[in-house]
Amino acid sequence: MHEPADEKLMQAYARGDMGAFECLYERHRGPLYRYILRHVGDAATANDLYQGTWERVIRFRGRYRPTAPFKAWLYRIAHNHVIDHFRSGRPTDPLEGESWAADGPDPEGQVMADGRRQALQRAVAGLPREQRDALLLRLEAGLDLDTIAKLTGVNRETAKSRLRYAVDKLKRELGRN
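Report on the accompanying structure.

The rules we used
- Residues numbered from 1 in each chain as written.
- Predicted model: local features only at pLDDT ≥ 70, side-chain atom pairs only at ≥ 80, totals over all residues.
- Heavy atoms only, no water.
- Helix = DSSP H or I, 4+ residues; strand = E, 2+ residues; numbered from the N terminus.
- Buried < 20%, exposed > 50% of the residue type's maximum accessible area, 1.4 Å probe, protein only.
- Contact = heavy atoms within 4.5 Å.
- Areas by Shrake-Rupley, 256 points an atom, 1.4 Å probe, with all protein chains shown as cover.
- Phe/Tyr/Trp six-rings, centres within 6.5 Å; stacked < 30°, edge-to-face > 60°.
- Salt bridge = Lys/Arg side-chain N within 4 Å of Asp/Glu carboxyl O.
- Core = buried A, V, L, I, M, F, W, Y, C linked by side-chain atoms within 4.5 Å.
- Axes fitted to C-alpha atoms, helices over the stretch in contact; angles between N-to-C directions.
- Parallel < 35°, antiparallel > 145°, perpendicular 65-115°, else oblique.
- Left-handed = near helix turned anticlockwise from the far one by under 90°.
- Expected span 1.5 Å × (residues − 1).
- Polar contact = N/O pair within 3.5 Å; in protein donor to acceptor, adjacent residues only side chain to side chain.

1. Some points on the overall build of the protein chain
Summing up its helical and strand segments, the protein chain has eight helices and zero strands in all. Along the chain direction, N to C, the helices and strands of the protein chain fall in the order α-α-α-α-α-α-α-α. A burial count over the protein chain gives 36% of its 177 residues as buried. A separation of at least 24 residues holds for 60% of the contacts in the protein chain among residues at least 6 apart in sequence. When the accessible surface of the protein chain is summed, it comes to about 10700 Å², and 51% of that surface belongs to carbon and sulfur atoms.

Following this line, the structure appears as structure tokens:
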């Protein structure tokens with residue numbers, strides 16, 4: 001059975017269909033949360049920004065126009081919300097012991113995976129903001145180059161270069177570890 005496109009679901013939600021909203025939320029919750037978490041680095045702030053993003057989707061549902069993909073619209077809201085957070089200068093203190101790791105049955109393997117994950121997290125956090133934004137929009141949101149370019153306000157070739165430089169820096173950084 002063919003599932004309805006995000007754009008159709010968003011239009012249905014704008015007309016009051018709560019089931020359409022629930023479907024959109026379920027489809028995008030994981031990648032959207034990870035996108036925000038990788039930007040801010042701590043779960044408490046990520047949770048606040050994640051909820052704020054969905055609140056804005058709810059508030060602006062009547063303004064949505066299907067001329068652009070829903071995913072691009074959603075990630076633009078999230079991106080702007082994250083940028084607003086950093087502009088406000090609110091300090092964030094990550095909680096001790098927090099990890100992006102999933103629970104696993106093998107403690108030794110989990111420790112190794114945690115180390116690799118933390119190295120990747122540090123390397124991504126060390127990228128210049130423009131490169132990090134492009135990389136996370138590609139990896140977490142699965143957006144194409146044209147959409148990334150539009151969201152970040154640059155041309156396609158600049159977005160492509162930012163992605164290439166980000167990947168090259170990550171390879172160099174992680175190759176040293």
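Structure's up, so let's keep going.
2. Brief notes about the packing of aromatic side chains
In the structure shown here, the tally under the stated rule is eleven aromatic pairs. For the ring pair Y25 and W54, a centre distance of 5.0 Å and an interplane angle of 55° mean the geometry is tilted. Here W54 lies in helix α3 (residues 43-59) and Y25 lies in helix α2 (residues 18-40), a separation of 29 residues in the sequence. On the basis of relative accessible area, Y25 is assigned to the partly exposed category, the value being 24%. On the basis of relative accessible area, W54 is assigned to the buried category, the value being 3%. Measuring from centroid to centroid gives 5.0 Å for Y64 and W73, while their planes differ by 65°, and the two rings are edge-to-face. Through a chain of ring-to-ring contacts, three or more aromatic side chains come together here, namely Y13, F21, Y25, Y33, Y50 and W54.

3. Here we look at the pattern of salt bridges
In the structure shown here, the tally under the stated rule is nine salt bridges. Among the salt bridges present, the one from E140 reaches R38, with a minimum N-O distance of 2.6 Å. One end of the pair, E140, is in the loop between α6 (129-139) and α7 (145-152); the other, R38, is in helix α2, with 102 residues separating them in the sequence. The exposure class assigned to E140 is buried, which follows from its relative accessible area of 11%.

4. Examining the nonpolar core
Judged by nonpolar contacts, the single largest core of 42 residues is most densely connected at M10, L32, I36, V57 and Y75. Listed by contribution, the elements that provide at least two residues to this core are α1 (6-14), α2, α3, α4 (70-88), α5 (107-125), α6, α7 and α8 (156-176). With eight residues, α2 is the single largest residue contributor to this core. If we skip the residues at most four places from it in the chain, V57 touches M10, F21, W73, L74 and I77.

5. Considerations on the packing of α3 against α4
Two numbers describe how α3 lies on α4: the axes approach to 9 Å, and their chain directions differ by 130°. Taken together, α3 and α4 sit at an angle that is classed as oblique. Here the hand of the crossing between α3 and α4 comes out right-handed. In this structure, α3 uses T45, D48, L49, G52, T53, W54, R56 and V57 to contact α4, whose residues at the interface are W73, L74, I77, A78, H81, V82, D84 and H85.

6. Brief notes about α3
Compared with the 24 Å implied by 1.5 Å per residue over 17 residues, the 24 Å span of α3 between its first and last C-alpha is a close match. Residues of α3 that are buried: A43, T45, A46, L49, Y50, G52, T53, W54 and V57. If you follow the buried residues of α3, they end up packed against α1, α2 and α4. One side-chain oxygen at the N-terminal end of α3 lies 3.4 Å from the backbone nitrogen of A44; it belongs to D42.

7. Things to note about the packing of α2 against α4
In contact at an axis separation of 11 Å, α2 and α4 are set at 30° when each is read in the N-to-C sense. Taken as a pair, α2 and α4 cross one another with a handedness that is right-handed. For the pair formed by α2 and α4, the contact residues are L24, H28, P31, L32, Y35, I36, H39 and V40 on the first element and F70, K71, L74, Y75, A78, H79, V82, H85 and F86 on the second.

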